[in-house]
2 protein chains.
Amino acid sequence: MREFDLIESFFTPKQVSESVKVGVGDDAAVLRVSSGYELVVSVDTSVEGIHFLPDINPYDLGHRVLAVNLSDLAAMGAEPLWFTLALTIPKVNVLWLKAFSQGLNALAHQFSIELVGGDTTQGPLSITIQVFGRVPVGAALLRSQAQVGDVICVSGSLGDAYLGLKCAQGQMTLANAADQAYVLDRYYKPFPQVALGRALSKVAHAVIDVSDGLCADLNHVVKASGVGAVVACDQLPLSAAFCGVASGLEAVEMALSGGDDYELCFTLPACALKTLAREFKITVIGEVVEGVDVSYHYDDARVNIDCSQGYIHFSDVDIGGI
Amino acid sequence: MREFDLIESFFTPKQVSESVKVGVGDDAAVLRVSSGYELVVSVDTSVEGIHFLPDINPYDLGHRVLAVNLSDLAAMGAEPLWFTLALTIPKVNVLWLKAFSQGLNALAHQFSIELVGGDTTQGPLSITIQVFGRVPVGAALLRSQAQVGDVICVSGSLGDAYLGLKCAQGQMTLANAADQAYVLDRYYKPFPQVALGRALSKVAHAVIDVSDGLCADLNHVVKASGVGAVVACDQLPLSAAFCGVASGLEAVEMALSGGDDYELCFTLPACALKTLAREFKITVIGEVVEGVDVSYHYDDARVNIDCSQGYIHFSDVDIGGI
């Protein structure tokens, strides 16, 4: 179908950086990785009805599918370089494609990440993006490096995207219109913490992005590092909008189990906090201890947190945990 | 769903090579590209009902989705290194997954290409594979380098996979059972011409893999290189099975427009042929000339070839031609 010729114009980068020897347009892309660096690669699929609602604004969708991948690069402390787009669409809808590509390209421009290849196919709406970044040799931030005595921190605030999803699904309406707009924005347009990730590469021990809910993601860190953790639930960073909806232990459970925040959770020596806190909004929420699991404290008492309402569902469990 | 834990075992490589610093299991993979090499990257999505039939044997599907990506590396003259798998499945079917992973892993092992990451999601069956390879700096084989005076060659034989598809769809049955098995195998289990591609990197000018039918793919070469081509249709390599089904111009049109062959089409100086032909089955089918299009000759007369029955359909048109 010649309509597909139109698509080219939406996804052909105007500028090609020096690291891209061959970009879009041959059997494969040819890319240069500078010496002294390692390549960081992550892939993420978003399926209509599973990872995003069928009525999502295509501009927001374009932003979102790239943002969730950039969040993985952020969690590795990597500098974004390139991405590929595998786009499966049921039919050619030029207005939809234009808006989708605008959302995608705007975020790509903001983070200086360049489209180097892709594939467009017909089928149920689904988007697979693969991102490439680089780190100096040995500088990648892993889940497995948490050390006993580290403080546990989280960026931004937790639980907003969960409320945004509830609002988007029509299951909740916030009393304050500005709050409603805020949580919807947190859900629809996650902001990947790339700058924080790169700053962490000099000081943090273990890093993960909070995509499945802090409860699940912190468990990954603890398991991979062979340590335990204590979380002070009254220290969780919660936005004003969030606090207007829930309080007490209910708020804690929502903030810990709700997904889609795309903040970073990381562990590091307490002495490294001061410099970092000057530039980024980060909150200390706990400590790495000897042990094998995460214990939660609230008002100085240990509490049981029900994280089963979180995002550990079929669609978000990955091959081998990537 | 805990069933997904099972999946891990199917897709976790037993051995990890030195180039993979972090493979499956963190937010992203961390990979080493040796100095003196460039990275070659290609991505390809296969959707049920579009790129493969719903009743395909999952072992063959696992083979096929990786093979079509390896074919792109072959066309660049690249050495395969790593791949990622984004697998979208409607439900967890352990027997299906086991067979799929066996087909995938067997081919991966054969070509020494290593799974380094992926994503498993719920949704309509669809598989996106991204392959990574390497070439010495400057050695990538492009579509755009055909030179006037080059001979045009193709590997293997053409049109078999097209017949295989017709047989698989029940639209055709070959009189000879061995022929039927052969063409079905050509369709279901394409063999990527990686060794030929690497041998070509020293001698060929332009290379493309024949996935959409030679007619369409040779057009890409001509367009990208700014040259013309003359094809001697009576020289096209056709298998005995194929010749049992069609002859004359009908056979020529089927062989030129049928897709899924995953052979290589390439141009090079005639003097380079002899050495190459000792090791690989290759056939000279024409010559690169000055001009802007491809002319087809049969029995010493110019003929019009109807390539519109080929694979230039919605599902196979790629972003920007990749």
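Residues numbered from 1 in each chain as written. Chains lettered and ligands numbered in written order. Predicted model: local features only at pLDDT ≥ 70, side-chain atom pairs only at ≥ 80, totals over all residues. Heavy atoms only, no water.

Engineer: Looking at this structure, how should I read the overall build of chain A?
Structural biologist: Of regular secondary structure, chain A possesses ten helices and 13 strands. In terms of overall size, chain A behaves like a compact globule, its C-alpha atoms giving a radius of gyration of 20 Å where 322 residues would be expected to give roughly 20 Å. In terms of overall dimensions, chain A has a C-alpha envelope of 65 × 50 × 35 Å along the principal axes. By the burial criterion, 61% of the 322 residues in chain A qualify as buried. By sequence separation, contacts in chain A at least 24 residues apart represent 85% of the contacts at least 6 residues apart. Accessible surface, chain A: about 12300 Å² in total, of which carbon and sulfur atoms supply 50%. (Helix = DSSP H or I, 4+ residues; strand = E, 2+ residues; numbered from the N terminus. Rg over C-alpha atoms; globule rule 2.2 N^0.38 Å. Buried < 20%, exposed > 50% of the residue type's maximum accessible area, 1.4 Å probe, protein only. Contact = heavy atoms within 4.5 Å. Areas by Shrake-Rupley, 256 points an atom, 1.4 Å probe, with all protein chains shown as cover.)

Engineer: What's the story with the sheet that holds strand S6 (residues 126-136) of chain B in this structure? I'm lost.
Structural biologist: Sheets are built from strands that pair by backbone hydrogen bonding, the pairs being arranged parallel or antiparallel. Pairing in this open sheet of six strands is mixed, and the strands run S1(A)-S2(A)-S3(B)-S6(B)-S4(B)-S5(B) from one edge to the other. Looking at strand neighbours, the two that pair on one side only are strand S1 (20-22) of chain A together with strand S5 (114-122) of chain B, the edges of this open sheet. Adjacent strand axes in the sheet meet at a mean angle of 20°, parallel and antiparallel pairs treated alike. Pairing of strand S2 (residues 29-31) of chain A with strand S3 (residues 37-47) of chain B involves three bridges; the strand directions are antiparallel. Each residue of the ladder has a partner; that of A:Ala29, found in S3(B), is B:Val41. (Pairing = 2+ DSSP bridges. Axes fitted to C-alpha atoms, helices over the stretch in contact; angles between N-to-C directions.)

Engineer: Looking at this model, I keep getting lost on the domain arrangement of chain A. Mind explaining?
Structural biologist: Much of the literature gives interface size as the accessible area that the parts lose upon coming together. All names here are of chain A. Partitioning chain A into domains gives domain 1 (3-136) and domain 2 (151-309). Averaged C-alpha coordinates put domain 1 and domain 2 at centres separated by 27 Å. Of the residues lining the interface, 21 residues belong to domain 1; the matching set on domain 2 comes to 19 residues. Taking both partners together, domain 1 and domain 2 bury about 1700 Å²; carbon and sulfur atoms supply 63% of that area. (Domains from an automatic or database assignment. Buried area = accessible area lost by both parts, 1.4 Å probe.)

Engineer: What is the right way to look at the relation of the copies chain B and chain A in this model?
Structural biologist: Put simply, the second copy of the chain is the first one after a rotation about an axis and a shift along it. Expressed as a screw operation, the relation of chain B to chain A combines 0.0 Å of axial shift with a rotation of 180°, fitting to an RMSD of 0.0 Å. What the superposition gives is, in effect, a two-fold axis relating one chain to the other. No C-alpha of chain B approaches the rotation axis more nearly than that of B:Ser35, which lies at 3.1 Å. (Least-squares fit on C-alpha atoms with pLDDT ≥ 70 in both.)

Engineer: For this particular structure, what's the right way to read the state of the cysteines?
Structural biologist: In a disulfide, the sulfur atoms of two cysteines are held together by a covalent bond. For the structure shown, the criterion picks out zero disulfides over all chains. With no disulfide of its own, B:Cys271 lies closest to B:Cys153 among cysteine sulfurs, the gap being 12 Å. (Disulfide = S-S within 2.5 Å.)

Engineer: Would you mind showing me how to read the packing of aromatic side chains here?
Structural biologist: The description of two aromatic rings rests on the distance between their centres and on the angle between their planes. Enumeration over the complete set of coordinates arrives at nine aromatic pairs over all chains. Plain terms: the ring middles of B:Phe111 and B:Phe191 are 5.6 Å apart, the flat faces sit at 50° to each other, and that makes the pair tilted. Here B:Phe111, found in the loop between helix H3 (94-110) and S5, pairs with B:Phe191, found in the loop between helix H5 (177-188) and helix H6 (194-200); they are 80 residues apart in sequence, far enough to count as distant. Three or more aromatic residues link up through ring pairs in this structure, and these residues are A:Trp82, A:Phe132, B:Trp82 and B:Phe132. For the cation-ring pair, A:Arg64 lies above A:Tyr187, with the distance from its terminal atom to the ring centre recorded as 4.8 Å. (Phe/Tyr/Trp six-rings, centres within 6.5 Å; stacked < 30°, edge-to-face > 60°. Lys NZ or Arg CZ within 6 Å of the ring centre and 35° of its normal.)

Engineer: I tried to follow unusual backbone geometry on my own but got confused; where do I start?
Structural biologist: The general pattern is negative phi for most residues beyond glycine and trans for most peptide bonds. Residues and elements named next belong to chain A. In the Ramachandran plot, Asp 300 falls in the positive-phi region, its phi being about 65° despite a non-glycine side chain. Counting through the fold element by element, Asp 300 comes out in the loop between strand S12 (294-298) and strand S13 (301-303). Its relative accessible area of 80% is what places Asp 300 among the exposed residues.

Engineer: Please explain the sheet that holds strand S2 (residues 29-31) of chain B as it appears in this structure.
Structural biologist: As summarised here, the arrangement of the six strands in space is S5(A)-S4(A)-S6(A)-S3(A)-S2(B)-S1(B), forming an open sheet in which the pairing is mixed. Either end of the sheet is taken by a strand with one partner, and the two such strands are strand S5 (114-122) of chain A together with strand S1 (20-22) of chain B. Adjacent strand axes in the sheet meet at a mean angle of 20° when their direction is disregarded. Note: S1(B) against S2(B), two bridges, orientation antiparallel. Counted as the bridge partner of B:Val22 is B:Val30 from S2(B). Across the sheet, helix H2 (residues 58-76) of chain A touches strand S3 (37-47), strand S4 (79-89) and strand S6 (126-136) of chain A together with S2 of chain B, and the angle it forms with S6(A) is around 30°. Across the sheet, helix H3 (residues 94-110) of chain A lies against S4 and S6 of chain A, angled at about 165° from S4(A), the strand it touches most.

Engineer: Which parts of the structure should I look at to understand the packing of helix H4 (residues 160-168) of chain A against helix H5 (residues 177-188) of chain A?
Structural biologist: To describe two helices that pack against each other, one gives the angle between their axes and the distance between the axes. Residue and element names in this part refer to chain A. Where H4 contacts H5, the two axes come as close as 7 Å, and the packing angle between them is 100°. Considered as vectors, H4 and H5 are oriented roughly perpendicular to each other. Between H4 and H5, the contacting residues are Asp 160, Ala 161, Leu 163, Gly 164, Leu 165, Cys 167 and Ala 168 on the first element and Gln 180, Tyr 182, Val 183, Leu 184, Arg 186, Tyr 187 and Tyr 188 on the second. Taken together, the residues of the contact of H4 with H5 sort by class into ten nonpolar, two polar and two charged. (Parallel < 35°, antiparallel > 145°, perpendicular 65-115°, else oblique. Nonpolar A, V, L, I, M, F, W, Y, C, P; charged D, E, K, R; others polar.)

Engineer: What should I look at first to understand the confidence of the model for chain A in this one?
Structural biologist: Any segment with low pLDDT has predicted coordinates that should not be analysed in fine detail. Residues and elements named next belong to chain A. Looking at chain A, pLDDT values average 89 and 92% of them are 70 or higher. The weakest mean pLDDT in chain A belongs to helix H1 (residues 3-11) at 64; the strongest belongs to strand S7 (residues 151-155) at 98. In this model, residues 310-322 is a region of pLDDT below 50 whose contacts with residues beyond four sequence positions or in other chains number 58 contacts. ipTM for the predicted complex: 0.86, alongside a pTM of 0.89. (pLDDT = per-residue confidence, 0-100.)

Engineer: Would you take a moment to explain helix H7 (residues 214-225) of chain A for this structure?
Structural biologist: In an α-helix, one turn spans 3.6 residues; hence positions three or four apart end up facing the same way. Across its twelve residues, H7(A) extends 16 Å between first and last C-alpha, which sits within 8% of the 16 Å expected from 1.5 Å per residue. Positive backbone phi, approximately 70°, marks A:Gly226, located one or two places after H7(A). (Expected span 1.5 Å × (residues − 1).)

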